[in-house]
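Geometric and topological summary
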Amino acid sequence: MIFKDAIASEISVFSIKVRKQNFINYTYLVVDANSKCAIMVDPAWEEDKIEEVLVSMNVKLTGILLTHSHKDHTNLVDYFVAKYHCNVWMSVAEIDYYGYKCDNLIGFNQDQTLVIGGITVKVLLTPGHTKGSTCYLISNNLFSGDTLFIEGCGLCWGNGANPYDMFDSLQLLNNRIGKEVLVFPGHSYGKAPGMAFEEVLNSNIYLHFKQKDMFVAFRMRNDQRTVFSFR
């Protein structure tokens, strides 16, 4: 699926659904029509499918952005770095906590601005799902990994996860993201990526908690049977 940026018409987002067994992820290509450069977000599972989009657009892969270090968001990093010799970006917090390594890896901190192949990327550290989870704002598009889904938010148990951090991260997004921004998460539970943040606000209960303890109790409740029911 292709999304044209209404604010910066030279930017297009290509949404690529990829899968391995029960895992269904979204990898994204952000393409600048003027420079013919592309940024890849969270490459995983199906290299041929992703490569087909790169080739069909006749663009140069100039960078890879990783929202976090889980394997289902990173397992094709080495493949694309070896083939295209591009740089890879991940938060310093994520790199240091999990010891993530790959060739051409560059770390960053909160509120840095990256310029990759002429494409401006604003960094928003959003820990909660992992210690250094990150969202990327590129023009009118938010790549939210496993922090914010259209239908909910990421899991907050496991190494480095913290529901109190997740509450703060969602509050950050509430305060910093415009209602017109399009949201592109790492997974879907049925709703297509690219929904406006205003629409996400209307239906996503996790964005409406005002008290941190109530949010944590709800996020960590028992018997959540559909957390891996990706579509």
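This text goes with the structure placed above it.
The structure reproduced in this document is the subject of the present report. Please read these numbers as outputs of a predicted model, since none were measured by experiment. (Residues numbered from 1 in each chain as written. Predicted model: local features only at pLDDT ≥ 70, side-chain atom pairs only at ≥ 80, totals over all residues. Heavy atoms only, no water.)

Quick look at the pairing of strand 8 (residues 113-116)
Going residue by residue along strand 8, you find L114 and I116 tucked away on one face and T113 and V115 left uncovered on the opposite face. As defined by bridge partners, strand 8 adjoins strand 9 (residues 119-125) across four bridges and the pair is classed as antiparallel. Across the sheet, the residue bridging to T113 is K122, located in strand 9. Here strand 8 folds back onto strand 9 in antiparallel fashion, the turn holding two residues, of which G117 has a positive phi close to 60 degrees. (Buried < 20%, exposed > 50% of the residue type's maximum accessible area, 1.4 Å probe, protein only. Helix = DSSP H or I, 4+ residues; strand = E, 2+ residues; numbered from the N terminus. Pairing = 2+ DSSP bridges.)

Some thoughts on the pattern of salt bridges
Counted according to the given criterion, the structure contains three salt bridges. E51 is paired through a salt bridge with K83; the nearest N and O atoms lie 3.2 Å apart. Of the two residues, E51 sits in helix 1 (residues 47-57) while K83 sits in helix 3 (residues 77-84), which places them 32 residues apart along the sequence. Owing to a relative accessible area of 45%, K83 belongs among the partly exposed residues under this scheme. Between D111 and R176 there is a salt bridge, and its shortest N-O distance comes to 2.7 Å. Remark: R176 occurs in helix 5 (residues 163-176) and D111 occurs in the loop between strand 7 (105-108) and strand 8; sequence separation between them is 65 residues. (Salt bridge = Lys/Arg side-chain N within 4 Å of Asp/Glu carboxyl O.)

Some words on the sheet that holds strand 9
The strands that make up a sheet are held in pairs by hydrogen bonds between backbone atoms, and each pair lies either parallel or antiparallel. An order of 8-9-10-11-12-13 is seen for the six strands of this open sheet, with the pairing classed as mixed. The sheet terminates laterally at strand 8 and strand 13 (195-196), the two strands that pair on one side only. Across two bridges, strand 12 (residues 182-185) lies against strand 13 in antiparallel orientation. For V183, the partnering residue across the bridge sits in strand 13 and is M195.

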